[in-house]
Amino acid sequence: EGTSPYFDFLRARDGKFDKPILESALLFVDSSQTIPDNSVTAMNWGNVQFNSGIVSVSTLTNSSRINVPNKKTQGFMLIGNANWQANSSNFRAITLQIYDRNDVQIQGGVFDRTGSSAAGSSEVDQAWSYTQWFSTNTAYFTIGAYQNSGGNLGLQSARLGILRIW
């Protein structure tokens, strides 16, 4: 009859139902970024491939910040990969830092770490997936890169897919 909750989600146009909108974004670090030794460095997103409005990102100002609309508490799936310059010393890590509207970090941590066994004489491709909820107090988050090879190391490229899951 069109009264179930599912039908409230759909709209009919020209005799066909719209498909539900998948809120998503795809971001790229498309040029090499130097990551200093023993320091978390936020990735600078230089290319927004697509964005359904789930987040806002500037590729010119504060390009490491991924701004979250504070309409409600919501959950995201973060899926990405980073391509590191070849180096066989120690480890690489990908981090998540979450900030409030006063630029105060309210949460953060490592969500992927690759050991030296994977960091050999060729470039290392480090992939990750992570689910995270953001409260109405969240202003933005950053994805950081960490390495402790003993010197600067190049992050050759990275990509981040963002899907809203609730």
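This one's a predicted model, so the numbers in the text were calculated from it and none came from an experiment.

A. A nonpolar patch on the surface, seen in detail. A surface patch of nonpolar side chains, amounting to about 350 Å² of accessible area, comprises Trp133, Ile165 and Trp166. In this structure, Trp133 sits in strand 11 (residues 124-134).

B. Fine view of the environment of Tyr140. Along the chain, Tyr140 turns up in strand 12 (residues 138-147). Overall, Tyr140 belongs to the buried group, its relative accessible area being 7%. In this structure the C-alpha to C-alpha distance between Tyr140 and Val55, which are 85 residues apart in sequence, comes to 8.9 Å. What Tyr140 contacts, discounting residues up to four positions off in sequence, is Arg65, Ile66, Asn67, Val68, Gln97, Ile98, Tyr99, Asp100 and Asp103.

C. Spatial organisation of the pattern of salt bridges. Per the stated rule, a full pass over the model turns up 2 salt bridges. Across the pair Glu23 and Arg164 runs a salt bridge, and its minimum N-O distance is 2.3 Å. Linking Glu23 in the loop between strand 2 (16-17) and strand 3 (24-29) with Arg164 in strand 13 (residues 153-164), this pair joins segments that are 141 residues apart in sequence. Take Glu23: its relative accessible area is 17%, and that puts it in the buried class. Its relative accessible area of 23% is what places Arg164 among the partly exposed residues. Between Asp103 and Arg65 there is a salt bridge; the shortest N-O distance is 3.4 Å. Placement of the pair is Asp103 in the loop between strand 9 (92-100) and strand 10 (105-114) and Arg65 in the loop between strand 6 (47-51) and strand 7 (66-67), with a sequence separation of 38 residues. On the basis of relative accessibility, which here comes to 23%, the residue Arg65 falls in the partly exposed class.

The rules behind each value
Residues numbered from 1 in each chain as written. Predicted model: local features only at pLDDT ≥ 70, side-chain atom pairs only at ≥ 80, totals over all residues. Heavy atoms only, no water. Patch = residues over 30% accessible without salt bridge, like charges linked within 9 Å, V, L, I, M, F, W, Y side chains within 5 Å. Areas by Shrake-Rupley, 256 points an atom, 1.4 Å probe, with all protein chains shown as cover. Salt bridge = Lys/Arg side-chain N within 4 Å of Asp/Glu carboxyl O. Helix = DSSP H or I, 4+ residues; strand = E, 2+ residues; numbered from the N terminus. Buried < 20%, exposed > 50% of the residue type's maximum accessible area, 1.4 Å probe, protein only. Contact = heavy atoms within 4.5 Å.

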